[in-house]
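Each chain, letter by letter, is given below.
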Amino acid sequence: MEIKFTHTGAIPFKEFPEDQKFIVIRNRELRPMFIRKDASVFRVVGDYLAISRQEEFMAWEPVSLTLPSSALVTRRLWLTRPNLSDSRGWGFRLYEKIQSEIRVWIKDPQFNHDFFTERNLSVGFGDVFEAVMARVPNDRTSNEAGLFEVYKLRRIGNESEKLRKLLDEL
């Protein structure tokens, strides 16, 4: 695929509709990234990082971005079974639907670095996380059927007592 950038500088915010996607190269990162126009700022696609609407880009181009069928979703999750030795196989329950238990493969480089390398992040039963994730495509020959890949994982609190009560009621 060849992408030709034809614009530099700030993106004219008012000239584009909300949810318009762009591929940009930020001056400080020198690598392409996808952003989208939100109500008042630009946001990195698949993340919550806000970018000022006045930011000057080395290059930018409006794009139509279509994600594959396993599109990214953001969900709140309750941690039920951490895997302390690997980023694959962690057990969570959906916050909004406690009956649904899922297994995930954490692919968030920052989380994995903080938890497995630096060991400066502790987690426990009932921790509530916000996750940007996608289901691994079902492949009958794969051991990963039903697994979710998590690309961003941020702990937002702990509600272990509430989780225990809800699980007791099941």
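Residues numbered from 1 in each chain as written. Predicted model: local features only at pLDDT ≥ 70, side-chain atom pairs only at ≥ 80, totals over all residues. Heavy atoms only, no water.

**Q** Please explain the overall build of the chain as it appears in this structure.
**A** What the chain contains, in helices and strands, is two helices and 11 strands. Written out in order from the N terminus, the α and β elements of the chain read β-β-β-β-β-β-β-β-β-α-β-β-α. Looking at the chain residue by residue over its 170 residues, the buried ones come to 36%. As displayed, the chain offers around 10,400 Å² of accessible surface, 48% of which is attributable to carbon and sulfur atoms. (Helix = DSSP H or I, 4+ residues; strand = E, 2+ residues; numbered from the N terminus. Buried < 20%, exposed > 50% of the residue type's maximum accessible area, 1.4 Å probe, protein only. Areas by Shrake-Rupley, 256 points an atom, 1.4 Å probe, with all protein chains shown as cover.)

**Q** Mind showing me how you'd approach the confidence of the model for the chain here?
**A** Per-residue pLDDT for the chain has a mean of 86; in total, 88% of the residues score no lower than 70. Every residue in residues 139-143 scores below 50 in pLDDT, and together they form one contact with partners more than four places removed in sequence or on other chains. (pLDDT = per-residue confidence, 0-100. Contact = heavy atoms within 4.5 Å.)

**Q** Help me understand the pattern of salt bridges in this model?
**A** Side chains bearing opposite charge may pair, as long as their charged atoms lie close to each other. All chains considered together, the criterion is met by 11 salt bridges. A salt bridge links Lys162 to Glu159, with the nearest nitrogen and oxygen atoms 3.9 Å apart. Within the structure, one salt-bridge network assembled from shared partners comprises Arg36, Asp38 and Arg43. (Salt bridge = Lys/Arg side-chain N within 4 Å of Asp/Glu carboxyl O.)

**Q** Looking at this structure, how should I read the pairing of strand E11 (residues 147-158)?
**A** Sheet analysis places strand E9 (residues 101-106) next to E11, joined by four bridges and oriented parallel. Paired with Ile106 across the two strands is Val150, which belongs to E11. With nine bridges joining them, strand E10 (residues 127-135) and E11 adopt antiparallel strand pairing. If you follow Arg135 over to E11, its bridge partner there is Phe148. (Pairing = 2+ DSSP bridges.)

**Q** Even after reading the chapter, I still don't get the environment of Lys37, so can you show me in this structure?
**A** Take Lys37: it is sitting in strand E3 (residues 32-37). Put simply, Lys37 and Arg53 are 16 residues apart on the chain and 8.7 Å apart in space, counted from C-alpha to C-alpha. Here the side chain of Lys37 touches Phe13 through a polar contact of 2.8 Å, landing on its backbone oxygen. (Polar contact = N/O pair within 3.5 Å; in protein donor to acceptor, adjacent residues only side chain to side chain.)

**Q** Explain the sheet that holds E9 here, please?
**A** The strand order E7-E8-E9-E11-E10 describes a closed barrel built from five strands, whose pairing is mixed. Along the sheet, successive strands turn relative to each other by an average axial angle of 55 degrees, direction set aside. The sheet contact formed by strand E7 (residues 73-81) and strand E8 (residues 88-94) spans four bridges and is antiparallel. The residue of E8 that forms the bridge with Arg81 is Gly91. Those strands touched by helix H1 (residues 109-117) are E8, E9, E10 and E11, and its axis lies near 110 degrees from that of E8. (Axes fitted to C-alpha atoms, helices over the stretch in contact; angles between N-to-C directions.)

**Q** Could you clarify how one ought to interpret the side chain of Asn112 in this entry?
**A** Residue placement: Asn112 occurs in helix H1. At 3.0 Å, the side chain of Asn112 forms a polar contact with the backbone oxygen of Ile106. Those residues within four positions of Asn112 in sequence are excluded, and the remaining contacts are Ser87, Ile106, Lys107 and Thr117.

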